[in-house]
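# Topology and contacts: notes
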Amino acid sequence: MLLGVAVILPTVCLLWFMSQAVKNERLAVRQKLIDSYTSRAQEIFFKDPEIAIEDPNEFSASIIYDQNDKLIYPFRTNQTANFPAYNIEKAWELEYVDKNYDEAIKQYDSISLLSSIVEITYDCKIAVVRCLIKQKKTTEAIEKCRQLVYPSPDTLPIPPIHSAYARLMLIDLYSKTNHPDVLKELQNQLSQIEVKPSISTETKIFVLGELIKLAQKSGLIEKLKSEIEKTQKIINSASLSIMAADYFDADIAAQGKPDKTFYKIQTTPPLYCIKFKNDDKKTVNLLTAEKMKQLWQSSVDDFTDELIFCRILDNTGQIIAGQPEMWLGGKYSQGQKFLTRSLGKFFPDWQVELYFRYGIFTAAARRQQMIYTWTAILVIGLMVVLAGVAGKTVARQVKLNKLKNDFIATVSHELKTPLSSMRVLVDTLLDGNYEGEKTAAEYLQLVSKENERLSRLIDNFLTFSRMERNKQAFDIGPAEPAEIAKAAVDAVQTKFGKARCKFDVSIDENLPQVPADKDAMVTVLLNLLDNAYKYSYDDKQIELKVFAEEDKVCFSVKDNGIGMGRRAVKKIFNRFYQVDSSLSRSAEGTGLGLAIVKFIVDAHKGQITVESKPDEGSEFVVKMPIVGK
Ligand code: ADP
């Protein structure tokens, strides 16, 4: 039990310490990661993106106001100004109702000459071109149109809107007649993207859109690819500007937002804007959600790795860039948030959120746990082995102690009996309390018998002691089985020669030699014969047979004595074992005889078997190997 406690207690402590260590390690690793990622985030996210202020080209569009908050761009004008009534209706009637184009042209020409209003003059000039087209006088129409688009310096300056319309007409005419100048003209017009302050941004969008359509019609899309791309961008940007300007017109709250702060306006689609003010104007720069995402994406990509991810939320709490909200494993999003910060000074209400991916700590901790578990198993294993060894040593020690005690008890008990009986006999002889020489001789014989028993006892003890210390050395050599048997028979002859003891000896002739220490083998037979004598009733029948069987020589000692039960038979070769029957108790014995017998037989590589039945008798057979086999 003590050993158990000695193993279990440290094991439990060890496991507890290890689980604690894993926990601590996890916390430490987590804190370290948080620190390092926080400082990285500081570098990546909390610096104001320079791009937002430095380069207006990065913006999708912009709106410009003057210092009086008057909109400068996008430019809006009231283009449907009312002109004083003139005789133009007559010309329209001729053109559209009577379809008398010659007359209509005459009418338009005269109005344009007479009119002092430049818009009416050019309305009529354009109407002339229109009529010529309707008359299919294309060459003439082209010529007139060219004069409008490229006027001579002395003519009245053409209003931008008429000029734009004339240009569209000219390109249309070129395109219909496959004129060689169509590409050149389109290129010219598409690259004139500068805003003419007198053309409204809406008109500009319209004209540019028409130019792209004409390019399509003329099959020149491929050739004008880069111009068209640029134009498309201008159209998109201008449309966004108009949309945002309308929104700002309507939304007082949006106008009141602080400068240099990015915020979202709820146009469709929503836009992000930032206001900058300098002395003479106020600019509102606009970014589409897509552009805003691009702006942050590289930072987000830079930051994201296999341990963490992040996302950026705008001032309305909507995700701009990074991991979208996801339903995963019973939780929203895929990680554990460890930091929320607002993004620098241009983005005060915006946030960056940093997350640990789920499972990274578990994976790291699992690895650590594996190492700890294996260490624990090894240490526990080692402890168990050591405890086993210690236990075994202690058990051996205990056994040895018991053996010692048993030995001392047995020795003293067994020596006492013959010694005291000898003492009584010798005392009687000394006192002279005996009748005649014969009795004296009998007494002396008894003394000699006890003496002999004592010597055999001591022999046995010595053999046993040597045997226990592994000091018993046998002088094994070829020996005649018959000689061994005869030596044993001689030794017991006197004792067995009594009236009520029948002792039969049969030794086969020409027995093969056995490899044996002769004296030791005689001891074996003497012990067996002694037991046969001791554990028999008064009418004893003892048999010693020596015979060959297959390639063995067998020594059999058989008696008609008290016999033994099966359970006893299994134990009789144990040291100090004695079957607890009245007869065996009454007979003197040490319980060592058969242990010695077995030891000697084993040392000779022989075998000993027992057959016994209570009250019928026992037969012990020792089988010895033959020399040379
Ligand atoms: P002991 O000195 O007691 O005879 P042994 O080792 O010779 O010790 O024998 C062990 C026990 O085996 C004996 O005590 C006895 O009970 C039993 N035994 C041995 N030989 C015989 C036999 N021939 N018949 C019955 N019992 C026997």
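Here, every reference points to the structure presented above.
In this report, we go over the structure that sits alongside the text. Since the structure is predicted, the reported quantities are computational estimates derived from the model, not experimental observations.

## Here's the deal with the overall build of the protein chain
What the protein chain contains, in helices and strands, is 19 helices and 18 strands. What you see for the protein chain is a C-alpha radius of gyration of 64 Å, clearly larger than the 25 Å of a compact globule of 629 residues, by over 25%. In terms of principal-axis extent, the alpha carbons of the protein chain reach across some 195 × 55 × 40 Å. By sequence separation, contacts in the protein chain at least 24 residues apart represent 66% of the contacts at least 6 residues apart. When the accessible area of the protein chain is evaluated, it comes to approximately 36,600 Å², of which 54% is carbon and sulfur surface. Side chains of the protein chain carry 82 positive and 81 negative charges; the gap between the two charge centres is 1 Å.

## Overview of the sheet that holds strand S17 (residues 607-613)
Pairing within the open sheet is mixed, and its 5 strands lie in the order S13-S15-S16-S18-S17. Two strands in the sheet have a free side with no partner beyond their single neighbour: strand S13 (501-507) and S17. Sheet twist, expressed as the average angle between the axes of neighbouring strands with direction ignored, equals 10 degrees. Its contacts with the sheet place helix H15 (residues 481-496) against S13, strand S15 (540-549) and strand S16 (552-558), and it is angled at close to 170 degrees to S13.

## Quick look at the site of the ligand
Lining the immediate surroundings of the ligand are 20 residues, of which Asn531, Tyr535, Gln578, Thr590 and Leu594 lie closest. Residue glutamine 578 places a side-chain N or O atom 2.8 Å away from an oxygen atom belonging to the ligand. Valine 579 has a polar backbone atom sitting 3.2 Å from an oxygen atom of the ligand. Burial of the ligand by the surrounding chains reaches 98%, relative to a free accessible area of 530 Å². Where the shell around the ligand is concerned, the elements lending two or more residues are helix H16 (518-534), helix H19 (593-603) and strand S18 (617-625). For the shell around the ligand, a count of residues per class yields 9 nonpolar, 9 polar and 2 charged.

## Some thoughts on the packing of aromatic side chains
As enumerated under the stated definition, the model contains 13 aromatic pairs in all. Residues tryptophan 16 and phenylalanine 17 carry aromatic rings whose centres are separated by 5.3 Å and whose planes lie at 65 degrees to one another, so their mutual orientation is edge-to-face. Following the ring pairs from residue to residue traces out a cluster consisting of Phe262, Tyr272, Trp296, Phe347 and Trp350. Its end group placed over the ring of tyrosine 122, lysine 125 keeps NZ or CZ at 5.7 Å from the ring centre. Looking at lysine 282, its charged tip hangs above the ring of tyrosine 65, at a distance of 5.2 Å from the centre.

## Side note on a positive patch on the surface
Residues Arg566, Arg567, Lys570 and Lys571 make up a contiguous surface patch of positive charge. Mapped onto the elements of the fold, lysine 571 is located in helix H17 (residues 566-571).

## Here we look at the pattern of salt bridges
Between side chains of opposite charge, a pair can form as their charged atoms come close. Using the criterion set out here, one finds 18 salt bridges in the structure. In this structure, the salt-bridge partner of lysine 337 is glutamate 353, at a minimum N-O distance of 3.3 Å. Placement of the pair is lysine 337 in strand S10 (residues 335-343) and glutamate 353 in strand S11 (residues 347-357), with a sequence separation of 16 residues. Exposure remark for lysine 337: the relative accessible area of 42% places this residue in the partly exposed category. Glutamate 353 sits in the buried class, given a relative accessible area of 6%. Glutamate 483 is the salt-bridge partner of lysine 518, the closest N and O atoms lying 3.7 Å from each other.

## Observations regarding the packing of H16 against H19
Put simply, H16 and H19 touch, their axes get as near as 9 Å, and they point 145 degrees apart. Seen from above, H16 lies across H19 with left-handed handedness. Judged by residue contacts, Ala520, Met521, Thr523, Val524, Asn527, Leu528 and Asn531 of H16 engage Gly593, Leu594, Val597, Ile600 and Val601 from H19. Its residues assigned to classes, the contact of H16 with H19 shows 8 nonpolar, 4 polar and no charged.

## Comments concerning helix H4 (residues 101-114)
The α-helix advances 3.6 residues per turn, and as a result positions three or four apart in sequence lie on the same side. When the terminal C-alpha atoms of H4 are compared, their 20 Å separation across 14 residues agrees well with the 20 Å that a helix rising 1.5 Å per residue should span. Taken as a whole, H4 has its buried residues at Tyr101, Ala104, Ile105, Gln107, Tyr108, Ile111 and Ser112. Taken down its axis, H4 places every buried residue within 165 degrees of arc, on the same side. The exposed set on the far side of H4, more than 90 degrees from its buried face, consists of Lys106, Leu113 and Leu114. Where H4 is buried, its residues contact helix H3 (88-97) and helix H5 (118-134).

## Quick notes on the nonpolar core
Grouped together as the largest cluster of nonpolar side chains are 52 residues, with contacts concentrated most on Met521, Leu528, Leu529, Phe555 and Val622. At 10 residues, the largest contribution of residues to this core is made by H16. If we ignore the near neighbours within four places in the chain, the residues touching phenylalanine 555 are Pro481, Ile484, Met521, Leu525, Lys545, Val546, Phe620, Val621, Val622 and Met624.

## Some remarks on the pairing of S15
Regular strands have side chains that alternate between both faces of the sheet. Across 7 bridges, S13 lies against S15 in parallel orientation. For lysine 502, the partnering residue across the bridge sits in S15 and is glutamine 541. Two elements, S15 and S16, share 7 bridges in a ladder whose sense is antiparallel. In the strand pairing of S16, valine 546 is matched with phenylalanine 555.

## Focus on the environment of valine 300
By the secondary structure assignment, valine 300 is in helix H12 (residues 289-303). Residue valine 300 is classed as buried on the basis of its relative accessible area, which comes to 2%. Linking valine 300 and aspartate 349, residues 49 residues apart in sequence, is a C-alpha distance of 18 Å. Not counting residues up to four positions away in its chain, the partners in contact with valine 300 are Phe45, Cys310, Ile312, Ala321 and Gly322.

## Structural notes on the sheet that holds strand S7 (residues 319-322)
Spatially, S7-S6-S11-S10 is the arrangement adopted by the 4 strands of the open sheet, whose pairing is antiparallel. Here the strands that pair on one side only, and so sit at the sheet edges, are S7 and S10. Looking at each pair of strands side by side, their axes are set apart by 20 degrees on average, direction ignored. With 3 bridges joining them, strand S6 (residues 308-313) and S7 adopt antiparallel strand pairing. Bridging from a neighbouring strand, leucine 313 pairs with isoleucine 319 of S7. Packing against the sheet, H12 makes contact with S6, S7, S10 and S11, and its axis sits at approximately 40 degrees to S7.

Criteria and cut-off values
Residues numbered from 1 in each chain as written. Predicted model: local features only at pLDDT ≥ 70, side-chain atom pairs only at ≥ 80, totals over all residues. Heavy atoms only, no water. Helix = DSSP H or I, 4+ residues; strand = E, 2+ residues; numbered from the N terminus. Rg over C-alpha atoms; globule rule 2.2 N^0.38 Å. Contact = heavy atoms within 4.5 Å. Areas by Shrake-Rupley, 256 points an atom, 1.4 Å probe, with all protein chains shown as cover. Lys, Arg positive; Asp, Glu negative; His and termini not counted. Charge placed at Lys NZ, Arg CZ, Asp CG, Glu CD. Pairing = 2+ DSSP bridges. Axes fitted to C-alpha atoms, helices over the stretch in contact; angles between N-to-C directions. Near = heavy atom within 4 Å. Polar contact = N/O pair within 3.5 Å; in protein donor to acceptor, adjacent residues only side chain to side chain. Nonpolar A, V, L, I, M, F, W, Y, C, P; charged D, E, K, R; others polar. Phe/Tyr/Trp six-rings, centres within 6.5 Å; stacked < 30°, edge-to-face > 60°. Lys NZ or Arg CZ within 6 Å of the ring centre and 35° of its normal. Patch = residues over 30% accessible without salt bridge, like charges linked within 9 Å, V, L, I, M, F, W, Y side chains within 5 Å. Salt bridge = Lys/Arg side-chain N within 4 Å of Asp/Glu carboxyl O. Buried < 20%, exposed > 50% of the residue type's maximum accessible area, 1.4 Å probe, protein only. Left-handed = near helix turned anticlockwise from the far one by under 90°. Expected span 1.5 Å × (residues − 1). Arc of directions from axis to C-beta. Core = buried A, V, L, I, M, F, W, Y, C linked by side-chain atoms within 4.5 Å.

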